[in-house]
Amino acid sequence: MSSVDIINAEGAKAGSVDLPASVFDAQANIPLMHQVVVAQLAAARQGTHKAKTRGEVAGGGKKPYKQKGTGRARQGSIRAPQFTGGGVVHGPVPRDYSQRTPKKMKAAALRGALSDRARDGRVFVVESFVTGETPSTKAAVATLRKVAQTKKILVVLDSQDELNWISLRNEPTVHLIEAGQLNTYDVLVADEVVFTKVALDEFLGGTEKSEEGDK
């Protein structure tokens, strides 16, 4: 079990918190993480693509010319696939791209992704990004830059943290996510992961409940 410093809004150390080895020092299974990410991206596809077949394209009911005597190949409709404006053969149709991924696989992939970031020293914990009760993007970004400097930062907030959410939602280098929605893809896309202390407790609490439920 390792620990990281908790940074307050002034950039000073406000304590430390333990990162459980079961979550932040697990073996990273790259094929598993790849499978989970592919499944997540597939589930995000709308699948509403559609091409019309020759039976669905308007027109073409009349035979374009007589069957024999023209010297041309026989044709029954100008909406056949070989004609411009005709139907499409074996074209895309609406479908569901989602893949079934067991919860244990998703949890293991997330642990591997978080562990990879933690081993590189790219997991941080802050007390809060702003002080007081008034949202401030300028103050929140100033606090964020005291711990993270990259252009792709994943900030994890608890489900009730409206103050920090409003303060950081317009910052282009930040992707905000609730602790209960944390996933492998967002962790891997981000260069650094920043938790608030409350969000980290919420995430670890949910992880413990999930592990107990699997027993």
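Everything in this summary refers to the structure shown in the same document. As the structure is a prediction and not an experimental result, all values here were calculated from the model.

A count of helices and strands for the chain gives seven helices and six strands. Its helices and strands taken in sequence order, the chain reads β-β-α-α-α-β-α-β-α-β-α-β-α from the N to the C terminus. Its C-alpha radius of gyration of 27 Å places the chain more than 25% over the 17 Å reference for a compact globule of 215 residues. Summarising its shape, the C-alpha atoms of the chain cover approximately 95 × 45 × 25 Å along the three principal directions. Going through the 215 residues of the chain one by one, you find that 38% of them count as buried. The contacts in the chain between residues at least 6 apart in sequence include a share of 66% that link residues at least 24 apart.

Once that is clear, we can look at the environment of T196. Mapped onto the elements, T196 comes out in strand 6 (residues 192-196). Accessibility expressed as a relative area gives 2% for T196, which makes it buried. Considered as a pair, T196 and N164 are 32 residues apart in the sequence and their alpha carbons are 9.4 Å apart. In this view, T196 contacts V125, V126, E127, F129, V156, L157, D158, D161 and N164; residues no more than four positions away in its chain are not counted.

Okay, the pattern of salt bridges next. According to the stated counting rule, one finds eight salt bridges in the structure shown. Measuring nitrogen to oxygen at the nearest pair gives 3.7 Å for the salt bridge that ties R145 to E171. With R145 in the loop between helix 4 (137-144) and strand 4 (153-157) and E171 in the loop between helix 5 (162-168) and strand 5 (174-178), this pair connects stretches of sequence that are 26 residues apart. Here K197 ties to D201 by a salt bridge, and the two come within 2.7 Å at their closest N and O atoms. In this pair, K197 and D201 are both assigned in helix 7 (residues 197-214), four residues apart and thus about one turn of the helix distant. For K197, a relative accessible area of 25% gives the class partly exposed. Within the structure, one salt-bridge network assembled from shared partners comprises D116, R117, D120 and R122.

Strands sit in the order 2-1-3-6-4-5 across an open sheet of six strands; the sheet is mixed. Whereas interior strands pair on both sides, the edge strands pair on one side only; in this sheet they are strand 2 (13-19) and strand 5. Averaged over all pairs of adjacent strands, the angle between strand axes in this sheet comes to 30 degrees, irrespective of strand direction. Inspection of the sheet shows strand 4 paired to strand 6 by four bridges, in the parallel sense. Paired with I153 across the two strands is E192, which belongs to strand 6.

Here the focus is the packing of helix 2 (residues 30-43) against helix 3 (residues 103-119). Between helix 2 and helix 3, the least distance of the axes is 9 Å, while the angle of their chain directions is 115 degrees. Our pair here, helix 2 against helix 3, has a crossing hand that is left-handed. Of the residues in helix 3, those in contact with L32, M33, Q35 and V36 of helix 2 are M105, K106, A108, A109, G112 and A113.

For the rest of this paragraph, the subject is the environment of G91. With respect to the element layout, G91 can be found in the loop between helix 2 and helix 3. Distance in space between the C-alpha atoms of G91 and G60 is 19 Å, their sequence separation being 31 residues.

Mapped onto the secondary structure, D161 falls in the loop between strand 4 and helix 5. At 12 Å, R169 is the nearest oppositely charged side chain to D161, a buried residue that forms no salt bridge. A distance of 2.7 Å separates the side chain of D161 from the side chain of N164, its partner in a polar contact.

Turning to helix 4, a few remarks are in order. For helix 4, the full list of buried residues reads A140, V141, T143 and L144. An end-on view of helix 4 places all buried positions within 160 degrees of arc, on one side of the element. Considering only its buried residues, helix 4 is in contact with strand 4, helix 5, strand 5 and strand 6.

To continue, consider the packing of aromatic side chains. Inspection of every chain in the model, using the stated rule, returns two aromatic pairs. When the centroid spacing of 6.0 Å and the interplanar angle of 35 degrees are considered together, the rings of F195 and F203 count as tilted. Each of the two residues, F195 as well as F203, counts as buried. Residue placement shows R45 over the ring face of Y97; its charged tip is 3.7 Å from the ring centre. In this structure, R95 packs its charged tip against the face of Y97, placed 3.9 Å from the ring centre.

Quick notes on the rules
Positions within a chain are numbered from 1, following the residues in the order the chain's sequence is written. The model is predicted, so local features are restricted to residues of pLDDT at least 70 and side-chain atom pairs to those at 80 or more, both for listing and for counting; the totals for chains, interfaces and linings are taken over all residues. Values reported for side chains reflect all heavy atoms of the structure, with hydrogen atoms and water molecules removed beforehand. Here a helix means four or more residues in a row that DSSP labels H or I, a strand means two or more in a row labelled E, and each is numbered from the N terminus. C-alpha atoms define the radius of gyration, and 2.2 Å times the number of residues to the power 0.38 defines the globule rule. Partly exposed residues are those whose accessible area sits between 20% and 50% of the maximum for their type, while under 20% is buried and over 50% is exposed, using a 1.4 Å probe and protein chains only. Residue contacts follow a heavy-atom distance rule, with two residues in contact if any of their heavy atoms lie within 4.5 Å. Salt bridge, as used here, is a side-chain nitrogen of Lys or Arg placed within 4 Å of a carboxyl oxygen of Asp or Glu. Strands are labelled as partners when DSSP assigns at least two bridges between them. Simply put, an axis is a line fit to the C-alpha atoms, just over the touching stretch for a helix, and the angle between two N-to-C directions goes from 0 to 180 degrees. Two helices cross in a left-handed way if the nearer one is turned anticlockwise from the farther one by less than a right angle. They cross in a right-handed way if the turn is clockwise. Positive charge is attributed to Lys and Arg, negative charge to Asp and Glu, and no charge count is given to His or to the chain ends. We call two N or O atoms a polar contact when they sit within 3.5 Å, provided that within protein one can donate a hydrogen and the other can accept it, with sequence-adjacent residues counted only if both atoms are side-chain atoms. Regarding the arc, it is the one traced by the directions from the helix axis to the C-beta atoms. Stacked, tilted and edge-to-face pairs are distinguished by plane angle, under 30 degrees for stacked and over 60 for edge-to-face with tilted covering the rest, among Phe, Tyr and Trp rings (Trp via its six-membered ring) whose centres lie within 6.5 Å. Charge-over-ring placement is defined geometrically: NZ (Lys) or CZ (Arg) within 6 Å of the ring centre, and within 35 degrees of the ring normal.

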